[in-house]
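The primary structure of each chain is shown beneath.
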Amino acid sequence: NEKREERVTGFEIEKLNFTAPKLPVPQNYLVFGAPGTGKSHEVKELQESYFPDKNSYERVTFYSNYSYPNFVGTYKPKMEGKDIVYSYVPGPFIRILEKAYRNPDKNYLLVIEEINRANPAAAFGDIFQLLDRKNGRSEYSIETSEELKLFFAKRFVSGFDEMSGEEQDIALESFSKMYIPPNMYIWATMNSADQGVYPMDTAFKRRWDFTYLGIDDSEAGIVGKKVVLGQGDYRRIVEWNALRKAINNELLTYKVNEDKLMGPYFISKKNLPEGEMIDPAVFTRIFKNKVIMYLFDDAAKQKRITLFGGCDEKAKNQYSKICREFDAKGVYIFCEGISSQFIDNVPEDDGE
């Protein structure tokens, strides 16, 4: 009987010996901060350092309707000939978990972008309990659902479909418990400023190692990037980082929370050139679509009249007119607290 059980199971999750080297980074790691502080960049750099093999990691982005079936897995219909059959389709969590079980000598990573854009507790469901780790492994296992037992059995037990019912029952029993192994890492990013995000409760938070990226922590990569804005008497050489900080400082006088301020990469680094000077047409388009829109609709929504103090009175509450004035006035669409910092930055060709 014991020999038959050994032949039938052939694989026992609870008895796996994990020998993958422990990495000097947290296993449940969450990076959060204001928009544009480089959260995704931080996680990507770590991923490239420790998980360079494209088969060793998977990245998923949560969104408002993202749910447990998306994240863990569910039955989905598919056509086989003329018939519709249902089969279990694993989500990103189970796909990485399977790899970690199958290769105990290697490390695997699941990256969750914008973890609080969905309801985290609902997306994780009972998996939430597995985030409590001891020596890297889930301190508490959970009961595996019947569909997951069957999924694992078919994936790990050779010849499962040809077994007798009794043998299948024995095989399924070896997958009755599930846990996160020490060779599986879960890293996430969280934007603390967005209005359309879900709150993360204390019980969920305490299972993560948090790192906060401050509003200026990653500014080194954009210091010195300049662009010529405005026309005629309004033409000025403007350093993007200096303008960003000037706007942030003005927002702080309005009692705007730090997580509503703009980080260095609020304008993506890919839109900034390698050299010092930024193309004015490219910068103007992005600035209007990202920065002015964000200030108008979100960060300075209640202070538009004050922030856009350099605009015509009738334009201050109309996004399209503010953008139109930006083409001509550049930084002078803003109040004096911002525009006055660029008074002396006149391009040399304008003085000839």
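Everything here concerns the structure above.
Let me sum up the structure you'll find in this document.

Quick notes on the rules
- Residues numbered from 1 in each chain as written.
- Predicted model: local features only at pLDDT ≥ 70, side-chain atom pairs only at ≥ 80, totals over all residues.
- Heavy atoms only, no water.
- Salt bridge = Lys/Arg side-chain N within 4 Å of Asp/Glu carboxyl O.
- Helix = DSSP H or I, 4+ residues; strand = E, 2+ residues; numbered from the N terminus.
- Buried < 20%, exposed > 50% of the residue type's maximum accessible area, 1.4 Å probe, protein only.
- Phe/Tyr/Trp six-rings, centres within 6.5 Å; stacked < 30°, edge-to-face > 60°.
- Lys NZ or Arg CZ within 6 Å of the ring centre and 35° of its normal.
- Polar contact = N/O pair within 3.5 Å; in protein donor to acceptor, adjacent residues only side chain to side chain.
- Patch = residues over 30% accessible without salt bridge, like charges linked within 9 Å, V, L, I, M, F, W, Y side chains within 5 Å.
- Areas by Shrake-Rupley, 256 points an atom, 1.4 Å probe, with all protein chains shown as cover.
- Pairing = 2+ DSSP bridges.
- Axes fitted to C-alpha atoms, helices over the stretch in contact; angles between N-to-C directions.
- Contact = heavy atoms within 4.5 Å.
- Parallel < 35°, antiparallel > 145°, perpendicular 65-115°, else oblique.
- Left-handed = near helix turned anticlockwise from the far one by under 90°.
- Nonpolar A, V, L, I, M, F, W, Y, C, P; charged D, E, K, R; others polar.

**Describing the pattern of salt bridges**
- Evaluation of the coordinates by the stated rule reveals 18 salt bridges.
- For Arg 102, the salt bridge identified is with Glu 98, shortest N-O distance 2.8 Å. In this pair, Arg 102 and Glu 98 both sit in helix H4 (residues 92-102), 4 residues apart, roughly one turn of the helix.
- Using a relative accessible area of 40% as the deciding quantity, one classes Arg 102 as partly exposed.
- In this structure Glu 98 comes out as buried when scored by relative accessible area, which is 7%.
- Across the salt bridge formed by Arg 244 and Glu 219, the nearest N and O atoms sit 3.6 Å from each other. Remark: Glu 219 occurs in the loop between strand E11 (209-213) and strand E12 (226-229) and Arg 244 occurs in helix H9 (residues 240-253); sequence separation between them is 25 residues.
- One connected set of salt bridges, linked through shared partners, spans Asp 216, Glu 219, Arg 244 and Lys 245.

**Quick look at the packing of aromatic side chains**
- Here the structure, examined in full by the defined rule, presents 34 aromatic pairs.
- When the centroid spacing of 4.7 Å and the interplanar angle of 25° are considered together, the rings of Phe 62 and Tyr 66 count as stacked. For the pair formed by Phe 62 and Tyr 66, the shared burial category is buried.
- Each ring, one from Phe 296 and one from Tyr 319, has its centre 5.9 Å from the other, and the planes form 55°; the classification is tilted. Pair noted here: Phe 296 is in helix H10 (residues 280-299) and Tyr 319 is in helix H12 (residues 319-329), with a separation of 23 residues, a long-range link.
- A relative accessible area of 8% means that Phe 296 is categorised as buried.
- Of the aromatic side chains, those joined through ring pairs into one cluster are Phe 18, Tyr 75, Tyr 88, Tyr 101, Phe 151, Phe 152, Phe 156, Phe 175 and Tyr 179.
- Lying across the ring of Phe 266, Lys 290 places its NZ or CZ 5.5 Å from the centre.

**Structural notes on the environment of Ser 49**
- Within the fold, Ser 49 resides in helix H2 (residues 39-50).
- Within the structure, the side chain of Ser 49 is placed 3.0 Å from the backbone oxygen of Glu 45, a separation counted as a polar contact.

**Quick look at a nonpolar patch on the surface**
- Taken together, the side chains of Tyr 75, Met 79, Ile 84 and Tyr 86 present a nonpolar region at the surface, about 470 Å² in accessible area.
- When residues of the nonpolar patch are traced back to their parent elements, those giving at least two are strand E3 (73-80) and strand E4 (83-90).
- Residue placement: Met 79 occurs in strand E3.

**Structural notes on the sheet that holds strand E10 (residues 184-191)**
- Strand order in the open sheet formed by 5 strands is E2-E5-E10-E1-E11, and the pairing between neighbours is parallel. At either margin of the open sheet sits one strand with a lone partner, and together these are strand E2 (57-61) and E11. Across this sheet, the average inter-strand angle for adjacent strands is 15°, counted without regard to direction.
- Across 6 bridges, strand E1 (residues 28-33) lies against E10 in parallel orientation. Residue pairing for E10: Leu 30 is matched across the bridge by Ala 188.
- On the sheet, H2 packs against E1, E2, strand E5 (108-113), E10 and E11 and is oriented at approximately 165° with respect to E10.
- Along the sheet, H4 makes contact with E2, E5 and E10, crossing E5 at roughly 165°.

**What about the packing of H4 against helix H6 (residues 146-156)?**
- Packing of H4 against H6 brings their axes to within 12 Å, and their N-to-C directions diverge by 45°. The angle between H4 and H6 places the two elements in the oblique class. Both H4 and H6 take part in a crossing whose hand is right-handed. Residues Ile 94, Leu 97, Glu 98, Tyr 101 and Arg 102 of H4 form the contact with H6, whose participating residues are Leu 148, Phe 151, Phe 152, Arg 155 and Phe 156.
- Per-class residue counts for the contact of H4 with H6 are 7 nonpolar, no polar and 3 charged.

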